[in-house]
Amino acid sequence: MKIAVVGGGSTYTPELIDGFARLAPFASEIVLLDPHAERLAVVGAFARRLLAHHGSGATLRWTSDVDDALRGAATVVIQLRVGGQRARISDETFPLACDCVGQETTGAGGFAKALRTVPVVLDIARRADPGAWIVNFTNPVGIVTRALLDDGHRAAGLCNVAIGFQRRWAAALGVEPSAVTLDHVGLNHLTWERAAYVDGVDRLPELIDKGLDDMASGLQLPAEVIASLRCVPSYYLRYFYCHDQVVAEERGQPTRGERVSQIEEQLLQMYADPSLDQKPALLGERGGAFYSEAAVGLIASLHHDDGGIHAVNVRNRGYFPFLSDDAVIEATCRVGAAGAVPLPAPALRPELAGLVAGVSAYEELAVDAALHGGRDRVYRALLAHPLVGQHDKADRLTNELLSANRDHLAWLS
């Protein structure tokens, strides 16, 4: 199987290649695509050494030619970042002027990223072979995946939140990760773990009761939130449940994007060492734990029809009856050659459903703004977002967003 990795010059790519090398014997050819030729050559050469270290039979090459990379690819993995870390740092800072959280995947910052990203991803996907599976890692995953599905592509969105919980709880319970099936529900970066089944028995109440304080500390959430909900929110719910606290913490502090930029510089220096043929420990600080395992598992299920269980971003199609069928949700799914189908699960309680409904409405407006442009569309999406929701803030954030992203939004020129 040929796999094309769009954004292959990312310093994160070696993590993905390491997963392919260890876990994907079906990968016969891997092509890394990136417009930054010098960086791509450094990452590509290291990726080759990783494959050789693990004894993989896959060939690997790299190119800046989109059509060459995509031609014949059965799977196209998209992990690009339009505007690089500089744009990310902007996303993490401009919302603070309006007392709103600065974050690259949600709120006004996440919306800015969506506006930059959706047109680029669609242009690439339209050049892939008909029938290729588009596996989207690119944030904001839910919005980008919805745009891909609306455009008619065979697409699935992937996040590492669920697999992270699965691995941690499997270790705590003394079982293999594959023995743990999560009731993982919500939207991308707006999910909750409502159950953790082992041999048909929900072990989540036990995990909460025995490890509440450690669990809350790891998520940087008040223990009372988890104790009251009796389910475990993803870390990203902190931006909703502790919004003002997060804003106060972010003021005057280096952004995550600035830290990642420093890590990337160090990683590229390491990758350039021709003797390096294993992942450096520093790569673990780059983020994206277990993404490679999640990616390999999902790709294997899509192409080998093995009925594997994965957390996937898919069409709603009645799963949440209060959302439109075309909405994109994130849920535990059974995956085969025809795609991903959410496993049956109980209805969402009101305290979860209300937030899902509000953010899903924003995401619908965000896709529309990314496709068609226009200040009014941007303003309405921000006004609808639960983290903004006020005219004065939405109006000012619209101006700030458009000013910061003028070079990346073709409809502004």
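Residues numbered from 1 in each chain as written. Predicted model: local features only at pLDDT ≥ 70, side-chain atom pairs only at ≥ 80, totals over all residues. Heavy atoms only, no water.

### A closer look at the overall build of the protein chain
Counting its secondary structure elements, the protein chain contains 16 helices and 13 strands. At 20 Å, the protein chain has a C-alpha radius of gyration in line with the 22 Å of a compact globule built from 413 residues. Based on the C-alpha atoms only, the size of the protein chain along its principal axes is roughly 60 × 50 × 40 Å. Residue burial in the protein chain is summarised as follows: out of 413 residues, 56% are buried. Accessible area of the protein chain: about 16500 Å², with a carbon and sulfur share of 50%. Averaging the coordinates of the 38 positive side-chain charges in the protein chain and doing the same for the 50 negative ones gives two points 2 Å apart. (Helix = DSSP H or I, 4+ residues; strand = E, 2+ residues; numbered from the N terminus. Rg over C-alpha atoms; globule rule 2.2 N^0.38 Å. Buried < 20%, exposed > 50% of the residue type's maximum accessible area, 1.4 Å probe, protein only. Areas by Shrake-Rupley, 256 points an atom, 1.4 Å probe, with all protein chains shown as cover. Lys, Arg positive; Asp, Glu negative; His and termini not counted. Charge placed at Lys NZ, Arg CZ, Asp CG, Glu CD.)

### What to know about helix H7 (residues 161-173)
Under the 1.5 Å per step criterion, the end-to-end length of H7 is 19 Å for 13 residues, consistent within 8% with the ideal 18 Å. Tucked into the core, H7 has its buried residues touching strand E7 (180-187), strand E8 (190-198), helix H8 (204-219), strand E10 (232-233), helix H13 (291-304) and strand E11 (308-315). Downstream of H7 by one or two residues, Gly174 has phi in the positive range, about 70°. (Expected span 1.5 Å × (residues − 1). Contact = heavy atoms within 4.5 Å.)

### Quick notes on the side chain of Arg315
Summarising the element assignment, Arg315 is placed in strand E11. Owing to a relative accessible area of 13%, Arg315 belongs among the buried residues under this scheme. At 2.8 Å, the side chain of Arg315 forms a polar contact with the side chain of Asp150. At a separation of 2.7 Å, a polar atom in the side chain of Arg315 contacts the main-chain carbonyl oxygen of Asp326. With near-sequence residues (within four places) excluded, Arg315 lies in contact with Arg146, Leu149, Asp150, Asp325, Asp326, Ala327, Val328 and Ile329. (Polar contact = N/O pair within 3.5 Å; in protein donor to acceptor, adjacent residues only side chain to side chain.)

### Concerning unusual backbone geometry
With an omega of -5°, the peptide bond running from Asn139 to Pro140 counts as cis. Backbone geometry at Asp99 places phi at a positive 60°, although glycine is not the residue there. Tracing the backbone shows Asp99 in the loop between helix H4 (84-91) and helix H5 (107-125).

### Regarding the packing of aromatic side chains
Throughout the structure, instances matching the rule amount to ten aromatic pairs. With a centroid separation of 6.1 Å and an interplanar angle of 75°, the aromatic rings of Tyr12 and Tyr291 are classed as edge-to-face. Of this pair, Tyr12 sits in the loop between strand E1 (2-6) and helix H1 (13-23) while Tyr291 sits in helix H13, placing them 279 residues apart in sequence. Judged on exposure class, the residue Tyr12 and its partner Tyr291 are both buried. Members of the aromatic cluster, each reached through a chain of ring pairs, are Tyr12, Phe137 and Tyr291. (Phe/Tyr/Trp six-rings, centres within 6.5 Å; stacked < 30°, edge-to-face > 60°.)

Interpretation in functional terms is not warranted from these geometric data alone.
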